[in-house]
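Coordinate inspection notes
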Amino acid sequence: MSALVEIRDVTKTFGTFTALDHVTLEINQGEFMTFLGPSGCGKTTCLRLISGFEQPTTGEVFIAGREVSNDPPYKRNVNQVFQSYALFPHLTVRENIAFGLRMKRLPAADIAAKTDWAIGMTSLQGMEDRKPAQLSGGQRQRVALARAIVCEPQVLLLDEPLSALDAKLRTQMRSELKNLQKRLGITFVFVTHDQEEALSMSDRIAVMNKGRVEQIGTAAEIYHHPRTEFVAGFIGETNIVEAEVLERNSGRLRCRLEGGLELWIKGNGSGEGAKILVSVRPEKIRLHRAPPEQPRDNLFEARINSEIFKGAVDDLTIVTTGGLELGALLANEGATGLEFHEGEQVWCSIHPDDISLLTREA
Ligand SMILES: Nc1ncnc2c1ncn2[C@@H]1O[C@H](COP(=O)(O)OP(=O)(O)OP(=O)(O)O)[C@@H](O)[C@H]1O
Ligand SMILES: [Mg+2]
C-alpha cells in the first residue's frame, strides 16, 4: 500500500525554537491515524504541515504522491475541523454545511444533494434550520464535521475536536466519529493528548514528545511493546526498572534488575554488561499461591506490601526478596478467583515477552 500522506524528514523551527525535529511518518489511504502527546510536543504543528497552514523549514510533505511542501491550503485536497468549530453564527445548520460548496460555485441541485448526504451522515436531520446558538455542544461538533466532509476531502484533519465536550458526550462522540470514518473511508488524522481517546479510535498512533515521533504503531503494539521510556510512561501504568545484562542467549537476555532479581527478557540489542531499562505492565505479573506445577519462566518470590480493592481489579504492591517494589494488577474474578492480602508471601512469574526493553530519554 502506498502512503496517502508522507512527511519526510521534516524539521520545523520558529525562530530558535525547534517545534518538529526530523519527523518522518506515512499515513495510509483510509487510515485513522492519531498524533498523541503532551501539550507543546508539536501535534498541531504537524497537522498544519499537512493542511498547508505551515511550511517545513527542511524536509518534504507529500499528498497522494505529489510534493505539496510549499503549496497553500486551497491547493490541497484536505479539510480541517478546528477545536472551536468556527461555525458561522448567523447561518443555519444547512447554510453552514453548504458554505464550502457555494464557494466552489457548484450547481444548486448538487449542493442540495451533497448537503443532504452530509446531514444524514452526521445525524442532523430535523435541525437544518437552526442556528449554531440553538444547538448543544455535540450537535455543533457534528455540524463542524458535516461541513468538513461535504467537500469530500482526501484527508480530514481533526485537532482535538472533542475537547470542548463533557466527559460523557466525549465518549459517545468517539464511537460516532470512528463509525463515520469507517463509512466514509476517508483518511482521518486526529490530534489528542488523551491516551484513552487515542487507544480506542485509532488504526495507528504516532506518539510524540518534544517535537519528535517516539513510536508509531497500533494501540496494542504501543501498549504492549513500548520502545522508549517516554512511551512506556505516557501510556498506561507501568513499572520501569534499571537492569544490567548478564548473558545473551538466542534472542533473550538474562538481566539483573535492581534488588538483584534475575529475569529473562526478549531482545538481543544489548551486550553483556550493558545497563538497560525495562518496562513491565502491572497486569503482566502473574501471582501464584504456591510455586506453579508447570515450570514457569521468571519465577520469583515476593510479599504483598499493599492491596487496594478497585472493583474490577485489585491494585497490589509487591516487594521482592531483594527489596524491589513493583505494582501488580489482578483481575477480580469474584468467588472463584484468587485473593491476596497485605503481608502474604506469593510466587510471581513474568513471561519474557511481557517485558519491554526501553531506550532512555536523551
Ligand atoms: N507560530 C509559532 N511561533 C512560535 N512558536 C510556536 C508557533 N507555533 C507553535 N509554536 C511552539 O511549538 C511548540 C509545539 O506547538 P504545537 O501547537 O504544535 O503543540 P501541541 O502538541 O499541539 O500542543 P497542545 O496539546 O497544547 O495543543 C510549542 O512549544 C509552541 O509554543
Ligand atoms: Mg495543539
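Everything discussed here concerns the structure shown above.
Residues numbered from 1 in each chain as written. Chains lettered and ligands numbered in written order. Predicted model: local features only at pLDDT ≥ 70, side-chain atom pairs only at ≥ 80, totals over all residues. Heavy atoms only, no water.

1. What to know about the pattern of salt bridges
Inclusion rule: Salt bridges are defined by distance alone: a side-chain nitrogen of Lys or Arg within 4 Å of a carboxyl oxygen of Asp or Glu. Every helix listed is a DSSP run of H or I at least four residues long, and every strand listed is a run of E at least two residues long, numbered separately from the N terminus. Note on classification: 1.4 Å probe, protein chains only; a residue is buried when its accessible area is under 20% of the maximum for its type, exposed when over 50%, partly exposed between these limits.
This structure, assessed with the given rule, holds 20 salt bridges. Salt-bridge contacts for Asp116 lead to Arg94; the nearest nitrogen and oxygen are separated by 2.4 Å. With Asp116 in helix 3 (residues 108-121) and Arg94 in helix 2 (residues 93-103), this residue pair connects regions lying 22 residues apart in the sequence. Using a relative accessible area of 42% as the deciding quantity, one classes Asp116 as partly exposed.

2. With respect to the environment of Thr13
Filter applied, for reference: Residue contacts are counted whenever heavy atoms from the two residues lie within 4.5 Å of one another.
Within the element layout of this structure, Thr13 appears in strand 1 (residues 3-14). Residue classification places Thr13 among the partly exposed positions, given a relative accessible area of 27%. For Thr13 and Arg102, which are 89 residues apart along the polypeptide, the C-alpha to C-alpha distance reads 37 Å. Excluding residues that lie within four positions of it along the chain, Thr13 makes contacts with Thr18, Ala19 and Thr57.

3. Overview of the layout of surface pockets
Spelled out, the test is: Space inside and on the surface of the protein is sampled on a 1 Å grid over the protein atoms alone, with a cavity defined as a set of points where a 1.4 Å probe fits but cannot get out and a pocket as an open set with protein on both sides within 12 Å along at least 5 of 7 lines; lining residues have an atom within 4 Å of a point. Grid points are joined across faces, edges and corners, and a volume is the space filled by probe spheres set on the points. Residue ranges labeled as domains rest on an automatic or database domain assignment.
Volume-wise, the largest pocket comes out at about 640 Å³. Approximately 240 Å³ is the volume found for the second largest pocket. Gln215, Glu221, His225, Pro226, Arg227, Lys266, Gly267, Asp353, Ile355, Ser356 and Leu357 together form the lining of the second largest pocket. Of all the elements, strand 20 (residues 355-358) adds the most residues to the lining of the second largest pocket, at three residues. Two domains each provide a minimum of three residues to the lining of the second largest pocket, namely domain 1 (3-226) and domain 2 (237-358).

4. What to know about the site of ligand 1
The condition is simple: Proximity criterion: a residue is near a molecule or strand once any of its heavy atoms comes within 4 Å of it. Under the rule applied, a polar contact is a pair of N or O atoms within 3.5 Å (in protein, one hydrogen donor and one hydrogen acceptor; residues adjacent in sequence only if both atoms are side-chain atoms). Surface accessibility follows the Shrake-Rupley procedure with a 1.4 Å probe radius. Residue values consider only the protein chains on display as shielding. When residues are grouped by polarity, Ala, Val, Leu, Ile, Met, Phe, Trp, Tyr, Cys and Pro land in nonpolar, Asp, Glu, Lys and Arg in charged, and all others, Gly among them, in polar.
Around ligand 1, the neighbouring residues are Phe14, Phe17, Ala19, Pro38, Ser39, Gly40, Cys41, Gly42, Lys43, Thr44, Thr45 and Glu160. The separation between an oxygen atom of ligand 1 and a polar side-chain atom of Ser39 is 2.5 Å. Surface burial for ligand 1 is 59%, taken as the share of its 640 Å² of free accessible area covered by protein chains. Elements supplying a minimum of two residues to the shell around ligand 1: strand 2 (17-28) and helix 1 (43-51). A total of three residues in the shell around ligand 1 trace back to one element, the largest contributor, which is helix 1. Of the residues in the shell around ligand 1, the class split is five nonpolar, five polar and two charged.

5. Focus: the sheet that holds strand 11 (residues 239-249)
Note the threshold: By this definition, two strands are paired if DSSP reports at least two bridges between them. Structural elements are reduced to axes, namely lines fitted to C-alpha atoms, with helices fitted over the stretch in contact, and the angle between N-to-C directions of any two is expressed from 0 to 180 degrees.
Ordered by their spatial adjacency, five strands build an open sheet running 13-12-11-14-20, and the pairing between neighbours is antiparallel. Both outer strands of the open sheet, strand 13 (262-266) and strand 20, are each paired with one neighbouring strand and no more. Taken over all neighbouring pairs, the strand axes of this sheet differ in orientation by 45° on average, direction set aside. Of the strand pairs in this sheet, strand 11 and strand 14 (residues 275-280) are connected by six bridges, and their pairing is antiparallel.

6. Looking at the pairing of strand 18 (residues 325-331)
Here strand 18 shows one buried face, formed by Leu326, Ala328 and Leu330, and one open face, formed by Glu325, Gly327, Leu329 and Ala331. Alignment of strand 17 (residues 313-320) against strand 18, held across seven bridges, turns out to be antiparallel. Among the inter-strand pairings, Thr317 is bridged to a residue of strand 18, identified as Gly327. Counting the residues between successive antiparallel strands, the hairpin from strand 17 to strand 18 contains four residues, one of them, Gly323, with a positive phi of roughly 95°.

7. Some words on the packing of aromatic side chains
The way to describe two aromatic rings as a pair is by their centre distance and the angle between their planes. Heads up, the condition is: For Phe, Tyr and Trp, rings pair up if their centres lie within 6.5 Å, where Trp contributes its six-membered ring, and each pair is then called stacked (planes under 30 degrees apart), edge-to-face (over 60) or tilted (otherwise).
Under the criterion given, the structure shown has four aromatic pairs. Plain terms: the ring middles of Phe32 and Phe190 are 5.6 Å apart, the flat faces sit at 50° to each other, and that makes the pair tilted. Here Phe32 is found in strand 3 (residues 32-36), whereas its partner Phe190 is found in strand 8 (residues 187-192), with 158 residues between them in sequence. Note on accessibility: Phe32 and Phe190 belong to one class, buried. Taken together, a centroid distance of 4.6 Å and an interplanar angle of 50° make the contact between Phe88 and Phe99 tilted. Note that Phe88 is positioned in the loop between strand 6 (78-81) and helix 2 and Phe99 in helix 2, a separation of 11 residues in sequence. Among the residues examined, Phe88 registers a relative accessible area of 28% and is labelled partly exposed.

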